[in-house]
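The lines below spell out each chain.
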Amino acid sequence: MFDKILIANRGEIAVRVIKTCRRMGIKTVVVYSDADAGSLACEMADETVHIGPSPAAQSYLIQDKIVDAVKQTGAQAVHPGFGFLSENAGFARRLKAEGIAFIGPNPEAIDAMGDKITSKKFAAEAGVSTVPGHMGLIETPDEAVKIAREIGYPVMIKASAGGGGKGIRVAHSDDDMAEGFAAVKAEALNAFGDDRVFLEKFIVDPRHIEIQVLGDKHGNVIHLFERECSIQRRNQKVIEEAPSPLLDEATRAAMGAQAVALAKAVNYDSAGTVEFVAGQDKSFFFLEMNTRLQVEHPVTELITGVDLVEQMIRSAWGEQLAIKQDDLSINGWAMESRIYAEDPYRGFLPSIGRLVRYEQPEEGDQGDYTVRNDSGVREGDEISMFYDPMIAKLCAWGETRDDAVRGMARALEDTHLAGLGHNVPFLAAVMDQERFQSGQLSTSYIKDEFPEGFHGLAPTPEQVKILIASAVAMNEVIAEQDGDPSERTDWTVLIDKTAYEVEVGYDEAEDLIVVIDSEEISLSEIDWRPGLSLFKAALDEEAFTAEVKRAADGFDIRHRAAKARVRVLRPDVAHLYALLPEKQAADTSKLVLSPMPGLVVDIPVVEGQEVKSGESVAIIEAMKMQNILKAERDGKVKAVKAKAGDPVAADDVLVEFE
């Protein structure tokens, strides 16, 4: 077995590989850029090697630097993780020529399956069902429009070398196609160094289901069942689960057999994923094959008990698969939520900065569910603009899907982040939705359920009780610590502008008893003191966690997707609050503001220009994605406040209208 492995990656996947290597007794080397100096992965690795500036194109994507680091440290193999060089056949060949093992598939398999155009042609020749489309190279927007009309809108524009949700647009019209074609080519060139683009028919109301495969160098290939990855935003997976609530045993077996046949046809010899687009009628079509470890691999590990990183290492060493297809079965249900540094209240725009607070849920058996949290950052770390904004992959396992959903909701409650925007409230909202709980999923789920964007959810009747009881309890604790406990038992609690009359007392067990509009509830096991960001307790013996922050006149409390300013007031004071006028928001209707920190790619308007609603007025790049800002109304440009190449912060003015 290998003595030392170099990990040509960063963040949580580097940490993930280190954990398996430690268990196997293998030493690890981590390469790092300027932005990742002092990272968790660097702290955990046995050795580290600095490979250059923060941009990936100057560090993680430079093959010479990776090979030099291998030779410098005496590592015998390279694990590429995902992204960067993980699906680069040239890199795999380079390592082979240097006598270094590549912990991934052989370069011929990467060539056959890694390129989206070639893989679809190959799959069609192998008899695999594929989505209708145009697999040839497309050079111009006019050519793209012509082909799209032949296929029939809607059409997906996809980067041939794409992956991770990058380089994808859906076009519903000629105008969409012309604009999207240019954007995808630019994104593809920037992210992958390859601007080739192809088109395929967009399946309406589809589901994204993928099969995990595993092969060795002796011709053996098995599948480890499926993952449902239909909860996506901008073609980026957000929530994954295994197994899929759609599939029956017959469909599962058919998809698995097709995936194995395709893998065997290219002599696949590592972990890989065959992705399918599935109809609600259980029909399915080959989408692509990812010739690497997937981000969402933990849910497969949780339901099968197989360590996929270990199996990749053993295969690269030359061992024969010790697992037969008949050895595998699905045990329980697993969910994964991708926690990102992005602001769901601002259209999910990237939110870079320092992670001032990061409290993670306790991992392991929690009774009705089990928690796993794959993270590459710690409290105090910086989320950089140079890489994907993922903070963690939070997983929950349960005996049933309902158990897994409830476990995930509780694990999200126990996650607290501060210092930047994050999507935990949004993930919690999805867990609480009836449609998600029923398993009626599609890749348009987020667009369907949140058509106007995410603005949080109104508290349910049960959450109203949590908000009131938490505020009352904190009010009591603060008064006790200040040495000024009140004898008052009657209060008015304001949740934003809604008033609730409450009575407060204690029972013989010293549990807090709160009567809300004549309904009595009990709050026990209270775990909070001033300064803590999480309030933990049991409401009528049901445990919960709320995120709390003291405000000048009350508390800001968030439970899952519901958040509010909650005030505990004397009834006469509460009456005065009801008379206060609403604060008016500043008028920014004539301004185009940068929605995120990033780099200005282009400002395609000039001072004095007449602009129509819907026309592009700015293009901002952040975290490898280009964001096109469009005019929301007709108008004349009064001033242009930025130019291409300028770094901008969130809410910086880009364009001003008269």
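Above this note sits the structure.
All values derive from a computational prediction rather than experimental measurement.

A. Geometry of the packing of helix α5 (residues 107-114) against helix α6 (residues 116-125). Put simply, α5 and α6 touch, their axes get as near as 6 Å, and they point 90 degrees apart. Taken together, the axis directions place α5 and α6 in an arrangement best described as roughly perpendicular. In this structure, α5 contributes Asp111, Ala112, Met113 and Gly114 to the contact, and α6 contributes Lys116, Thr118, Ser119 and Phe122.

B. Just helix α7 (residues 141-151), in detail. Of all the residues in α7, the buried ones are Ala144, Val145, Ile147 and Ala148. Gly152, located one to two residues past α7, shows a positive phi value of around 100 degrees.

C. Quick look at the nonpolar core. Judged by nonpolar contacts, the single largest core of 63 residues is most densely connected at Ile5, Leu6, Val31, Ile66, Val78 and Ile313. With 7 residues, helix α1 (residues 11-24) is the single largest residue contributor to this core. Setting aside chain neighbours within four positions, we find Ile66 in contact with Leu6, Ala8, Val31, Ile51, Tyr60, Leu85 and Phe91. Counting 40 residues, the second-largest nonpolar core is a separate cluster that includes Ile231, Ile339, Met408 and Phe436.

D. Local environment of the packing of aromatic side chains. The tally for this structure, following the rule as stated, stands at 14 aromatic pairs. Here Tyr345 and Phe454 contribute two aromatic rings whose centre-to-centre distance is 5.3 Å and whose plane-to-plane angle is 40 degrees, an arrangement assigned as tilted. Of this pair, Tyr345 sits in the loop between β16 (342-343) and β17 (349-350) while Phe454 is found in the loop between α15 (445-449) and α16 (461-481), placing the two residues 109 residues apart along the sequence. Phe454 gets classed as buried once you look at its relative accessible area, which sits at 1%. On the numbers, 4.9 Å between centres and 85 degrees between planes, the contact of Phe348 with Phe426 is edge-to-face. Taken together, the positions of Phe348 in the loop between β16 and β17 and Phe426 in helix α13 (residues 424-432) put the pair 78 residues apart, joining distant regions of the chain. According to the relative accessible area criterion, Phe348 is buried, its value standing at 8%. On the accessibility criterion, Phe426 (1% relative accessible area) is buried. Pairwise contacts between aromatic rings join Tyr345, Phe348, Phe426, Phe450 and Phe454 into one cluster. The positively charged end of Arg401 is found above the aromatic ring belonging to Phe436, 4.8 Å away from the centroid. One Lys or Arg, Arg488, reaches over the ring of Trp491 and ends 5.8 Å from the middle of that ring.

E. Main features of the sheet that holds strand β30 (residues 542-551). The sheet built from 8 strands closes into a barrel, its strands ordered β25-β26-β27-β28-β29-β30-β31-β32 with antiparallel pairing. If you compare each strand with its neighbour and ignore which way they point, the axes differ by 35 degrees on average. In this sheet, strand β32 (residues 562-569) lies alongside strand β25 (residues 490-495) in antiparallel orientation, the contact comprising 4 bridges. Counted as the bridge partner of Val493 is Val568 from β32. Strands β29 (534-539), β30 and β31 (554-559) of the sheet are contacted by helix α12 (residues 401-413), whose axis makes an angle of about 30 degrees with β30.

Analysis parameters
- Residues numbered from 1 in each chain as written.
- Predicted model: local features only at pLDDT ≥ 70, side-chain atom pairs only at ≥ 80, totals over all residues.
- Heavy atoms only, no water.
- Axes fitted to C-alpha atoms, helices over the stretch in contact; angles between N-to-C directions.
- Helix = DSSP H or I, 4+ residues; strand = E, 2+ residues; numbered from the N terminus.
- Parallel < 35°, antiparallel > 145°, perpendicular 65-115°, else oblique.
- Contact = heavy atoms within 4.5 Å.
- Buried < 20%, exposed > 50% of the residue type's maximum accessible area, 1.4 Å probe, protein only.
- Core = buried A, V, L, I, M, F, W, Y, C linked by side-chain atoms within 4.5 Å.
- Phe/Tyr/Trp six-rings, centres within 6.5 Å; stacked < 30°, edge-to-face > 60°.
- Lys NZ or Arg CZ within 6 Å of the ring centre and 35° of its normal.
- Pairing = 2+ DSSP bridges.

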